[in-house]
Structure formats: structure tokens, C-alpha cells
Amino acid sequence: MSEKTLEEINMKEKYQRESEKLLSRLHLQDKYEQKLTPADFLRINRSVKQHHDTSEKDLAHTFLQRLMMLDYRARYIPVKQDSTGGSNPKQQHTKTGDDFDVLFSTSLESDQPKQSHVHPMDVQMAVYHCSDSFLKQNMITKLSQCQYALPFLVPDPVTLDIECPLWTFRQIMKSWKITETKDDSNIVTMKSIPIYKAETPMVSFFRLGSLSLSKSQLMNTLINDRHSTFFHRNCPGSTKSRHLMDGVAEIAWYCPAGKPNDAFTDCIAFCNLHGDALMIEKQREILMEKSSVNVVLLPTLERGDKSWTVVSALLKSPEPLICLIVDNECGAVEMKEGKYKMGLKDRSWSDVSEELKGIIGKILSRPHASFQLETMAEVSGIRVDEDDTVCRKGKTAAMKIVDLLQGMDVSKIKDKYLPCQGRLWHDWCKINKEQYHLKGNIEKEKCKKQQKLEEIRQEQCSASCSKLMKLFTESLSSLPSEEKEYFLKWTQILLDALSTDDLSSILQKYDEKWSEVLTLKKKHDKSKQLMSKQTELEEISEKLQSATFGLEHIFREIGQIYEAHKSLQEQTEMEETDWSKYPELAAELMISGHPMELMDGDAGHVPLTWISSLLDEVIKKLGDKRVFVLSVLGVQSSGKSTMLNAMFGLQFAVSAGRCTKGAFMQLVKVSEEKKKDFKFDYVLVVDTEGLRALELAGNATLHHDNELATFVVGLGNMTLINIFGENPAEMQDVLQIVVQAFMRMKKVKLSPTCVFVHQNVSDIGAAEKNMDGKRRLQEKLDQMAKLAAKEEVCDAECFNDVIKFDVQKDVKYFAQLWEGSPPMAPPNPGYSESIQDLKNIILSKASQSAGTTLSQFKSKIKDLWNALLKENFVFSFKNTLEIAVYRKLEVQYANWTWTLRSNMLTIENQLHTRIENGKLDNVELSYLFKEMSKTYEEIKKGMKVYFDDDRDKEMLVQWRGRFESKIKEFHDEQVRGVKRKLDEVIQQKKACKKMDDKKTEFEKKLLQKSKELAQQLKDKAKDEEELQKQFNSVWSGWVTEFTGDTKPIEDINLEEEQMSILQELSIDWSLIDDSKSCENYKDISKIGDYYEYVTLNKNQELCNESQRYQDDKRQNRNTKGQGRLTTAWVSLKHFLGYGSTGQKEPLKSREDFPYEEQDLIRSLIDHVEQQSIDTIKSKPVATRGYSPTYLQEVAKNVKEKVTEFESERKYALKKEFTVDLLLYVFDKAGSWISDSHNKFRKSNDAVTFIESKKMQYYNIFRSFYKGNSSAVVLGELICEKLKVSTVKAVCNKTAIDLAGEMRCSFPAFSGNRLNLEKHVLKSLAKKEDFDGFINYIRRPRSQVESFIKEEVERYIYPKHKAKAQKILKKNVEDINKLVRQALFDATEKVKTRSGNTDMWLKEFSSLLKDVLTFDAISSENFNEINKFDFLKEEIKKGLTSIIEELGSLSLEKMKEFRLKPDQILIDQLCNCCWVTCPFCSAVCTNTLENHSPEDHSVPFHRPSGIKGWHFRNTVEMCIDFCTTNVASDRSFYPRHDSDKFIPFKQYRTGGPEYANWRITPDESKLAYWKWFVCRFQEQLEDHYSYKFQGFGEIPTEWKRYSKKEAIKSLDEMCQ
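Residues numbered from 1 in each chain as written. Predicted model: local features only at pLDDT ≥ 70, side-chain atom pairs only at ≥ 80, totals over all residues. Heavy atoms only, no water.

Visitor: What should I look at first to understand the packing of helix 33 (residues 1054-1064) against helix 39 (residues 1188-1207) in this one?
Guide: Pairs of packed helices are described in terms of their axes, by the angle between the two and the distance that separates them. At a closest axis distance of 10 Å, the pairing of helix 33 and helix 39 adopts a crossing angle of 45 degrees. Taken as axis vectors, helix 33 and helix 39 run oblique relative to one another. With respect to the hand of their crossing, helix 33 and helix 39 are arranged in right-handed fashion. Two secondary-structure elements touch here, helix 33 through Leu1054, Glu1057, Gln1058, Ile1061 and Glu1064 and helix 39 through Pro1188, Leu1191, Gln1192 and Ala1195. Grouping the constituent residues of the contact of helix 33 with helix 39 by class yields 5 nonpolar, 2 polar and 2 charged. (Axes fitted to C-alpha atoms, helices over the stretch in contact; angles between N-to-C directions. Helix = DSSP H or I, 4+ residues; strand = E, 2+ residues; numbered from the N terminus. Parallel < 35°, antiparallel > 145°, perpendicular 65-115°, else oblique. Left-handed = near helix turned anticlockwise from the far one by under 90°. Contact = heavy atoms within 4.5 Å. Nonpolar A, V, L, I, M, F, W, Y, C, P; charged D, E, K, R; others polar.)

Below, the structure is given as C-alpha cells:
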């Protein structure tokens, strides 16, 4: 092995040891293998300390974090010395005479530590070597933005192999202005290009040997004498011990600004080889080969010097050479063509610099070689980082895409390869927005538009298979993660490069034109010239957009392909293909930190389906994490994206011509160490295009800005408002938009916070100036708040009335971004300090917020955008998340109320039994409250837990007080209601006391008589038949004997009563007979057309239209598209149902009979029926019997109501109407009267009572006859009574239990009111029962009650009979146990106290008083009983047979008793809101009966024709949905007698019945009622005697809906 090789090996080993030592000091030793990644810095970490010393272990991270914030002082971080390192100067005391020696001695120890701190460039290079290629790329891009030189040739710290990190340069864009002189004038051309593509001259600097002058410092004077582009020995923190920089070649570019003081007229690359070039042969040779000019710094050489060989070679080479001799004083001399020398000794830097600039300029003015970074890939002997396998594979995949596009005009690429997002998507957006601004025949128009939307989606699907998209999605789904990351980066880099040239020229034209427009504006020029220039500017802007082509457009296309297929899949249910995986692919990228487009800025639209699916996938992968949403708003090009990128290390596009369009979102993770400070896991940043964006100039600008501001302000937990500059006039427009957005949030109950950022402020240090600025801003905000309050109809005197805002804390002033003039200016250090301060403010505020979950964020996007599509945001905003939380709360409320109700039922049941047993004659409220207290307290605790701990507690808090008071109201009402019921039972008991005493006496006598008869007939009867005969022969005598002095209660003949009453009212018998025979009266409440009941008398008039209507109608018949329905609604000349014009015509035909009159007749019938039923039910028929005056009172009331109704109408009702209505009311009341009277008769008629006891006393008689003992007979008697009361108790208890079981497990009953409504509608659709539908439309509560009864019947009998039977058997068993226990306890007590039969009976009945009714038994006939154990056993025998018999008890038996499961459920489920929509009569679905201040609402409104609305003077029914009307330009009359019409968009101003309804435009998507109209078209036409024709013609599209789709649409609306 040669000596040279050995020396190299030793040097290499030493180098490696030094490298290891350095990495160890910086705590990076484990990161050389496991590299740092961008993910380590794309997160919320602990804040960077700006002005504190940093320990060596934190040095690397602090450097990177500050660099990411564009702080060029990241190179100059002060290092904290170790405690052992001599922080205090050492003292060495000497004698006074030795001062000279001490001063000039070199032997004294230094005050500095023995080990010097790490060289700043070693920190940079150590971090560089320990970073993966993506972090290196980010780092180098940031170094370039800081105007620092970049590593160009880098020795590997282990192998010493030379690497050219070409990859790291790929994201750097450079812009400059070239100055050329033509015809004595300077022409400035702008150029903006990726630096790796730039062909520029390269000037390389070398030093030979060790020199006293700094080469790097000299180079800085050429590039930017105010900034250390190249680190040099005189920079802060520099040390002699530099390790990783030797052999590194750095490169920097000088970019001229197109100004006279530019150092050079074109872009020049300057390359600096660190270290002694003599020793660094490889790098030296590469640079010499690639350079346009070589500059060598060297001392005066001897001919035999090693350096001479290098210099000699350079002198002989054709490349220009400048030799700078440090110890020579000569001036600049051109030794021969292209070869210069210049002495540096005793010369000022500025002189040298100027002279050198002149020489270089002169050389480069001649033909010279150019350098392009990309050519480094062809240099042999070095490694290029892009040669890594993963990078190459990523590039290969990206090149396949780019190869497709080569040679194409960039503006045509999107049309050819991304067809879904161009014209098709823009047309779709336009038509979609038009759906909310309909005119003419709105439902038909809507159907046409929806058809057109579907056609566009079809076109998109057909066009979605472009080769480019196939290649892209295949690579995205098939490549491993690292290769995928390279693939995306390469695609972005290569696509950006494609459009660079076009963009540069367009941007230059844009700048020129914009300057011209500004000049004219400053002159207040309103001429055609200004308009012309503005038009030209818009055209250039359009070109700029079409020439912009990047990765975001491909992702936009992916979103559109997905949306198109998804929308069609819902209709065709086609199989899932590759498109279904797109959201998952995008979600992976979003999680890894890629920005995703939220709003398409070109179309001004949010692709909701795509965004929802994307976020669903993010939730699947991460879980429903909490995020703090930070939105950013500001003027275009005000540095929003730059600020965000610097603050969070984001990747929002910031290059010229690529300003953010629309809105993008990006996730930033909160690091583990910071999670303890926050209640969320991520910050989600939403960056937006600039307000007042020039490229969207024109009339649409303000609307677009308002839309965007409202959208992002609504999304954000905090909004950052970025204001550029200090000009209040420029601020005004932005502030007005922002304040209006916040005001809208206040009105829809969203409460974000805000921080204002003033960028580009000249003197942020001047406190007085800042105070004045804040005062001015506060004044402006208050002024804007007043203006916005007028526009939004809201009370606000100042900005603080709109949003919580502290001008002292919530306004941040930012320094100018650049320290000097671009393009060579570095970022201002004050800027990065401002960034850090702002970040701290944001995070401090964020720490007080719980953020929002990703699912809530998704929901909010949908709500905000849907509301923005409509004309009035506040009016249209529907907070679906809030609605979902409220619906969930309603379910909880139903559970809480059921718990209270079921407990109250149990208490009521016990007390009811106690009253019947005569053990209770007064119920105190305090006792009931006490009995309920335990359950009520548990409910209150449960409510507290729910409101305190639920994940949506922040939203729930607004309803907490109301629901707590509602539960209290419900509890108190339940208690008072039971008190009323029990008081009534006690009153009935008292009223029946005389009869009850008689019954007891009867039973006593019957027992005595039975016993006597048995003794008389002892052994005389041969068989059972004879015994029966004997008993029957005396029975009737007993009955007569006992009841002889009691008047029997007669049956009632209601039919005769009714006829008599009708004749008393002077109604012709023939009318009564006709009505009775055809039975039409039974359907009077159901019929749709009451025209036949109306008298057509020419002297009686009905409000109608003016003659002008006829002219309008004729005119409108010939008008297509506009005016017809608008006219109809505005003047109500077509539309029936509301209003009149004041002029009247006689009622001539059915067509003239308006809808509102039909509706009023219906209301009369409903009102009279309800009033009559209430009147009858208030009568004490069950306790005192029926009186004919009851029906007379009802009949009189009906007659009065009809007369009163006629007096207010312009027409009369025929007598047939009154007859039918009376018969109908009698029919409805009759069954209740009969049932009640039968109950009264059963309870109060002596003969009936005694006859009911016949079998019981025959059995007693027979038992005595057979010689059974008194104990046996008493046992039988007790068992007989137990049997009856057990059946009653079991049935009542089973009714409560079954109701509870169904309420918990039956889907229709286990949710809220909306859930019940949905199941009612499903049931109607499944049965296709038209009469049921009509009943539902007319009397929703009646139909819901019928539904509950039917479902209970189905549940108990066919479907879940076994479950019901099981509940019943359990209750039987419970009572069996209770009775057996009572037998045991009563017997033991009597035995202990030596009691008698009377005592035993009292004790036994007392033990059962709460469960079983137990009539008193006279003990006189059983006094001889003394063996109570025997009695107990006899009863147990009988009880066993009773229990066996009850085991087969029919559930039908429940219908005979007091409590019924269906009625319990009706009481529970129907105790809700029944207010109907004033337009379509859909029922409010709020679970609370009185839910003020919450508006009435229902998710499924319906066409108004369903309830009989039609167009006046026609037979044309109306098919419009009120949810469509409220988005239209139509108007309506709020009442039939109104003169003033109300625009539908302001329907709430129509009166109290309108004011409390929330009807939001929903595009009438609900298929259910469309299906209903088509399915029952004929029945509806027959029912109402109108037709679906003309204006009411059913759109063809409606007929496509199947029953299955109709039912499915209910589920979708209830989500």
C-alpha cells in the first residue's frame, strides 16, 4: 500500500471520527441513519426562543425551526456554554511589576472554553446530512428564500464521495429582470423560471493556499453587500474549527431587478469552493469545467509552487480567468484575452468589488459558456441524489404523464386531459346555483335543471377516462409510500416547469396592464379607455388561469370524476370501480401534510360530495379527531400563504402567478409534548384566495368575496384577517366584507374568534403609531359593523356587539417581509419574529378552545355552502350538526320522560288499587312528589352527566336550561295529573259508597242464604243437575227479595234520541232519512270537495279576482318561462288559497270555489267534532249515567257553530251539511256514551250486580252442600275473588311493561318525534292506503294514534306474541309470589296473636292492598275457623289452579281493563308539537310540545296540492313545494282576506303563524311526496275534484320514483 493511500485512509478515518463527534455534540448521531423528515417539523412543537442562548443538543432543531420561519439569523444562534466551560473569566493574580509579561504572555490560559462552540455552517451541514431528501429540499428552498448560498457539491461525511444534490434545487424559482439596450433605450424583460432550468453564466471562486483575506466575504460584495450570502470568517459565531464545510461548493444566483443600479444586467450563478482548492481536486476540476469565469484568490507564487500547476492550467484553458493576488498592489490588468489579474493588497473592499464587477460584466458581455444545474446529472465521478432508486422510480412515473403533454400548448392541456373540471364543471356549478333562483313554473324548471345536472354528470363520466388521469391514479394507488411521495413531487416540479415560460410572459403583460389601470384610476379617469384597459386585464387574467397547470388541477379532476360517478351510482347502483378509491388516496396525502382544495376558485364552488367522502376517509384512518380550524382571509397578494408556510411549515403555493385560488386546507399535527396544552390533535389551516381578487374582477367580485369570507369565517374556530399596508381606504372594502361575515355568524349562532394582522408596516416598533393604528382600526370596524347591521337587519352599534374582540390583544403588526428590495433582498428578521409572536397568540387562544371534530367540520362545510348557494345566507343556513345534536337530545328527553311516566304509572296503579280497596280516601301532592323523588333525582343526575360530559356539550349548553325546566314541568304535570285522576277515582268511590255498602250487604245475605239452602237440601239432591235446579228455583226469589226497593237502570236507545233531537231542531225527516240510508255523513271529515254542500246563490258573493285577472290570464297563456307563476303568486290571481283583490263576482262554478273556503269548511268540521267530543267526555256518564240533555247540548252547539260560520262567509251551506255534520258528531260520540253508560249500569244496577254473582254463590252453595268445612268454602270464596283481581292486576301491569318494552325496542317508538313521523309515512307508503294518507294530511294526530294502535296490535299479537306472553307470565308469577307471601304473613300473625277469621281477612287484604283489589268478605259465617294453616293450604291449592289458568290468559283480555299499552304510548309519543306548516300543512316534528324559542320545522315538506290547493278559476292543482317557493321570486297573501302580498323569501313577516316556522330551501329533493302524487294522481283528482294539468302538470321526472326510492328518501331526510 502506497504512502499516499495510507495517508488518505488515515485522513478519512480522522474525518469520520470528527463527523461522529460533531453529530454527537448536536444530538444527531441517531439521525444520520434514521433521517429527519418534514413530518418532524410539520407539527405544532414548542415555540422557538428568539433571543435566548440555545444548548448544543437543541441547536439543530432550533436552526431548522427558525429557518422554516424564514429567519436568516438561524445561522447565528447563540450557544449556551456548558457549566464546566468557563463562563466566568479566570483570574490570575500577578505582581504589579510583571504587568508587561502578563499582558504579552501567551502562556496564560484563555478565558474561553477549551472546546470551541460548533461552527454555524457545521450545524447547517450536519442537519443537511441528517435529513431525508424531502426535508433537504425544504431546507434548501428556505435557504434560497433567505438569500443564502446553497450546497452544490457536497462530500459525504462518511465515504467522502462527492454528491450533487440536484433534487434539493427542484422547488426553487427565481425571478429577475433582464436589461437590454436597443436603439439607445433600455428594454426590461421579466423572467421567472425554476432555477434548475435556468441557463446562466457561472462565476466560480477558488482559493489556493491559506489566505488572510476572506473569499466568501469578497463574493458577498458582488451579490449583496448588505447580506452574507456566503458565510465568512467575520460572521457572528464563526470559529477556526470548521469541519463539514471543507470541500463543499456552494452556489448562489445574482438576480437583477431591472434597475440602473443593478450590479449585472442578467442572472449570474456564483460558485464558492470552500477550503484550499489545491487540496480539493475533484470539486475544483468540475467547477473549472462548468464555469463561464474562474476567479482564483492566491498569494504571489514561486514557479515551482504546487499551486502554479493549477494556475498554469487555468491560464492555458479557453475559459476566462481572473487571478486575485492578495499580497500584490497592482490594479486590474488583462494579461491576454480573457485572462485578468488584480492585486488586493491595501485596497478597500468596495473598490475591489466595483472593479471585479466591471471585469466580470465585460467578460460576460462577450460570448461565453452557460451553466445549467440539470447538466450536473451528466458529470462523471460524482453522485447525483436523483439517481437513488426510489427517486428515479417516482420520476419515471411522473415522466409518463409529462411525456403526454410535451409540445402541447399549456392552455389546451386542461381541456384535453382534464375535461371534467372545465366547461362541464363550470356549467354544472352555474345550473346548480340557478336551482335556488327559480322563475316561472318552478317545479318543472327545477326538474329540467336537475335533468341537465345529471346529463353533465353523464358527460363527465364519459370523459373521465383520459390517459393522463389513468396514469396518475394508477401510480398513486400502486406505488409504495416513499416512491409515491417522489412521484407527486416530480409531477408538481415537471408540471410547474411546463407552464413557466407562458406564465412569465403573461405575468409581464399583466403587470404592465395593471400599472396602466392604476395610473388611470389615480387620475380618477372614468373614460372608455379605463374600461377598455380593465377588459384587457380580465382577458389577460383568463389567459393566466388557463396557462396555470399544476398538481392541484389533477386533484380537482379526481374530485370531479368521483363526484360524477358517485352521483350516477346513486341512481344506477353500478358497481364500484377505481373511482371509489379516490377519496382514500387523497385522504392519505392529506394526513401526510398535502394541501387539499376545499373550494374550487375557478368555478367558485365547493365539490361537497368529494370533500365529504375525503373527510370520511380521513376520519376512518385517524378517528374522529378534534381539530382547531384556523381560517385566513386577506387581500390578494398580501402574503397570507407565505405567512402560513413560515408559521407552520406548510406547502401552500406562493410563487408568482400561482396565487391561491379558492380555498385549500392542510392538517398540522400537534406534537406529543404539546398535546397536554391543547384539547385538539391537529390544527387545520384553511388558506384562501385574496379578497377583491383581480382575476375575478367585475360585478361578481363583491358577491364572490362575501361568499368566500362567510364560508371561511364560518368554518374557522379562529379567523386571521390579513391586512397589507396601512392605507385605511384600501382596508375599508376588506373590513366591510369581514365584518358582514362575522355578523352572519352571530345571526346563525356560530361564534368564531378573530385576529387582525397588519403586514408591511414600516415601523412596528413605534408604540404611539401602533396605538393610533389600533384606534383607527377600531373606528373602522365599528363603522363597518353599523353598515353591516343595516344590511343584515341586525342590532349592532360596534364591532364588539358582533364578535368578542380586544383591539389591544387581537391586532398584530408585521414588519415588511423583505429587508431591502427584491429579488435579492433577504426576509426581514423582524418578520420571522412577528410570525413567532403571532403563532404564540394563535396557540394561546387555541388552548382555550376545544376545537371541532372532523365530522363536525365536514358537516359545517356542507351547511355553510348549502346556505351560501341560496340568496339569503342567514335565512337559508341550516346547522345540520346542531340539528343532529338537538335530535339526539330529543331522544334523551323522550327516555327521561318515559322513565318518569312509567314510574308515575306504577305509583298510580298502586294507589288506584288502594282506593278501590277502600284503604285510601285522600291523596296528598306532597306524598306523590316524595314517591317520585328518587326517580326524579336520578333523571336530574343523568341530565347533568349528559350535558356535562357529552362530546357535543358546547353545543348542548344552549338548550340545557330549557330542557331542565321542561323535565321539571313534565314531572310536575305528571304528578298533578295523577292527583287529578286519583281524586276523581276517590270522588267516584264516595259517590258509589251507598251502592258499595249495598253490594257488601247483598254478598253477606247471599252467603247466608247459600249456606242455609245447602243445610235444607242436605242429601236430598241426587246429582249436579238436581242441585242446579234447586239453586235456580230459589235464586230469582233472592234477587227479587234483595232488589225489590231498587229501581233498575235502563238501557239507552241513542238512535231514537238522535232522531228526536234532529226533529226538535226543525230538520226535515226526509233529509235525515236520506243521509242515514246512504251513510255519506260518516265521511264528511275525509272528503276533499265540499262544493256540493254550498248554495250557489247569485245574491251571495265570494271574494274573487278582478276582471283584470282574465286579461292577465290570457296574456300569460302566451308567455313562456317568465311571469306566469310570479304573477299568480304576487297578485294571487292564479293561485288559490290566499287572498282576494277586493272586487267580487258571483260564485258560478266549482272552479270558482276557492281552496281557502274548502279549507275553512274542513276546519269547521274538525273544530265542531273536537268540541263535541270534549263536551260529551266532560259529562259524568260513567259515574251518574246518561242524560238526554247531553246530546241536546252538543246538537245545539253544532247548529250555532254552522250559523256563526255562515254569517262570516259570502255563501250559505245547505241543510244537508248541517244534517250530515250532526249525524257525524252523534256517530263519533255515540260509542263513547254507550260504553260509559254500560260501565255505569254494571257498577250501579243492583240486579246486574247480583246476577253477576250467581255462579260464584252457586259454587259456595254446592260446597256447603257437599259438607266442606267453612275453611274450604272461605278458601274457595277468596280464590274466586283473587282470580278476578289477579287478572285485572296482571293486565294493568302488563300494559305498562309492554308499553315500556315497545318504547325501548320498537324502532318507531324508540326515538324522537321525527323518527315516529318517518315510520308513519313509511307505513302509509307500504300499505298504499289512500284513505290513510288523506287522514294523515287532514288529521295528522289521528293518523299517528291509529298507527300506534296498529303497531301495538301487530307487535303484541302476530309479531312478538311470545315476548308479550313472557312479560304477562312474569307478572302472573310476581303476583303469585306476593299472594303466597301474604298468606304466610297473615297466617303467622294471626297464630302469634291468637286472632280470629276477621283478623286474618283484614291482615291478608291489607298486605295486598297496593296490588290486588279485594272486596270485603263477611266473616260472620266463618267464625268457627281456627285452623288457619289449613285455610292457607286450601287457598294455595286454589291459587295454583288460578295461576295455571292465567298461564294461558289471552292478551286480548288487556283491552277490558283500565290501562292499555297503546293508550300509554299515545300519551307518551303524542305529547309533542302538532303545529302545521302554513303552506303545506306538514307537521312540526319537534318532540317538545311548546319548544319556543326554537322554530317549528319539518324535514319533509310537500306539494301544496296534496291538501287541495289549486289555481283560482281553474281546476289546476298546485304541485309546488313550499321549500322551493321560499327560494323563488314569488309572493303570497298571508291570509284569505289580505290586501298586501308578502315575498316568499320574507315569509316570516306574514304573521304569527309564519314567523315561527323555519322553512329552508331544500331543492324539494324528497322523492316521497313526488311518488305519492304520481301513485295517487287519480284518487287525489277525484277526492278534490281538480286535475293535475296546466300549471299543475306533474313533471315527467317525478314519475320515475319507485315506492322503494320514496321510502329510502325518508331515511335520507332524517339523517
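That shown, we press on.
Visitor: Explain the side chain of Ser1085 here, please?
Guide: As for its position among the elements, Ser1085 is in the loop between helix 34 (1069-1078) and strand 22 (1094-1095). In this view, Ser1085 contacts Tyr1090, Ile1165, Tyr1224, Arg1338 and Arg1339; residues no more than four positions away in its chain are not counted.

Visitor: Where do I start with the pairing of strand 12 (residues 339-343) in this structure?
Guide: Looking down a regular strand, the side chains alternate between one sheet face and the other. Extensive coverage of strand 12 is indicated by the burial of 4 of its 5 residues. Bridge analysis of strand 10 (residues 321-325) against strand 12 gives 5 bridges, and the strand direction is parallel. In the strand pairing of strand 12, Cys323 is matched with Lys341. For strand 11 (residues 333-336) and strand 12, the ladder comprises 3 bridges, and the chain directions are antiparallel. Residue pairing across strands places Glu334 opposite Tyr340, the latter belonging to strand 12. (Buried < 20%, exposed > 50% of the residue type's maximum accessible area, 1.4 Å probe, protein only. Pairing = 2+ DSSP bridges.)

Visitor: Can you walk me through the nonpolar core in this structure?
Guide: For soluble globular proteins, nonpolar side chains are generally found buried alongside one another. Membership of the largest hydrophobic core comes to 225 residues, with the highest contact counts inside it found for Phe152, Phe270, Met665, Phe711 and Phe756. If you tally residues by element for this core, the top one is helix 23 (residues 728-747), at 9 residues. Counting residues in hydrophobic clusters, the runner-up holds 146 residues, among them Phe875, Tyr1155, Leu1412 and Phe1428. (Core = buried A, V, L, I, M, F, W, Y, C linked by side-chain atoms within 4.5 Å.)

Visitor: How do you make sense of the sheet that holds strand 9 (residues 293-298) when you look at a structure like this?
Guide: One key point about sheets: their strands pair by backbone hydrogen bonds, in either a parallel or an antiparallel sense. Taken in spatial order, the 10 strands line up as 11-12-10-9-6-8-7-2-3-13 in an open sheet, and their pairing is mixed. At either end of the open sheet lies a strand with only one pairing partner, and these are strand 11 and strand 13 (383-384). Pairing geometry for strand 6 (residues 202-207) and strand 9, over 5 bridges, is parallel. Among the inter-strand pairings, Ser204 is bridged to a residue of strand 9, identified as Asn294. The sheet strands contacting helix 6 (residues 215-223) are strand 6, strand 7 (249-254), strand 8 (268-276), strand 9 and strand 10, and the helix crosses strand 8 at an angle near 170 degrees. The strands touched by helix 7 (residues 281-290) are strand 2 (150-155), strand 3 (162-164), strand 6, strand 7, strand 8 and strand 9; relative to strand 6, the strand with the most contacts, the crossing angle is about 150 degrees.

Visitor: Honestly, the packing of aromatic side chains in this entry has me stumped. Any pointers?
Guide: The description of an aromatic ring pair rests on the distance of the ring centres and on the angle between the ring planes. Under the counting rule described, the total for this entry stands at 56 aromatic pairs. Between Tyr254 and Phe264 the ring centres are 5.4 Å apart and the planes differ by 75 degrees, which places this aromatic pair in the edge-to-face class. In this pair, Tyr254 sits in strand 7 while Phe264 sits in the loop between strand 7 and strand 8, placing the two residues 10 residues apart along the sequence. Across the pair, exposure class does not vary: Tyr254 and Phe264 are buried alike. One aromatic cluster is present, built from ring pairs that chain together Phe1330, Phe1333, Tyr1336, Tyr1568, Trp1569, Trp1571, Phe1572 and Phe1576. Over the face of the ring belonging to Tyr128 we find Lys136, whose NZ or CZ atom lies 4.8 Å from the ring centre. In this structure, Arg1502 packs its charged tip against the face of Trp1569, placed 5.3 Å from the ring centre. (Phe/Tyr/Trp six-rings, centres within 6.5 Å; stacked < 30°, edge-to-face > 60°. Lys NZ or Arg CZ within 6 Å of the ring centre and 35° of its normal.)

Visitor: How do you make sense of the state of the cysteines when you look at a structure like this?
Guide: Working definition: the covalent bond between the sulfur atoms of two cysteines is a disulfide. Under the definition given, this model contains 0 disulfides. Of all cysteine sulfurs, the one in Cys164 lies closest to Cys271, which takes part in no disulfide; the gap is 9.8 Å. Cys1574 takes part in no disulfide bond, and the closest cysteine sulfur to it belongs to Cys447, at a distance of 9.5 Å. (Disulfide = S-S within 2.5 Å.)

Visitor: Where do I start with the side chain of Ser204 in this structure?
Guide: Residue placement: Ser204 occurs in strand 6. The class for Ser204 is buried, based on a relative accessible area of 0%. Ser204 has contacts with Cys271, Leu287, Ser291, Val293, Asn294 and Val295, leaving out every residue within four places of it along the chain.

Visitor: Just to check I follow, could you spell out unusual backbone geometry for this structure?
Guide: Backbone geometry follows two general trends: most residues other than glycine have a negative phi, and most peptide bonds adopt the trans configuration. A cis amide bond, omega 10 degrees, links Pro822 with the succeeding residue Pro823. Note on placement: Pro823 falls in the loop between strand 20 (811-813) and helix 25 (829-846). A cis amide bond links Ser1492 to the next residue, Pro1493, at an omega of 10 degrees. Within the secondary structure, Pro1493 is located in the loop between helix 50 (1461-1469) and helix 51 (1522-1525). Despite not being glycine, Gln147 shows a phi value in the positive range, around 60 degrees.

Visitor: Honestly, helix 9 (residues 349-365) in this entry has me stumped. Any pointers?
Guide: Note that an α-helix has 3.6 residues per turn; residues three or four places apart therefore point the same way. With 17 residues, helix 9 extends 24 Å from end C-alpha to end C-alpha; this agrees with the ideal 24 Å at 1.5 Å per step. Along helix 9, the residues classified as buried are Val352, Ser353, Leu356, Lys357, Ile359, Ile360, Ile363 and Leu364. Tucked into the core, helix 9 has its buried residues touching strand 6, helix 6, strand 8, strand 9, strand 10 and strand 12. (Expected span 1.5 Å × (residues − 1).)

Visitor: Can you walk me through the pattern of salt bridges in this structure?
Guide: Pairs may arise between side chains of opposite charge once their charged atoms sit close together. Evaluation of the coordinates by the stated rule reveals 88 salt bridges. With a shortest N-O distance of 3.8 Å, Arg423 and Glu459 are connected by a salt bridge. In this pair, Arg423 sits in helix 12 (residues 423-434) while Glu459 sits in helix 13 (residues 442-463), placing the two residues 36 residues apart along the sequence. The partly exposed category is assigned to Glu459, whose relative accessible area is 36%. One network of salt bridges, in which partners are shared, links Arg66, Asp71, Arg73 and Glu833. (Salt bridge = Lys/Arg side-chain N within 4 Å of Asp/Glu carboxyl O.)

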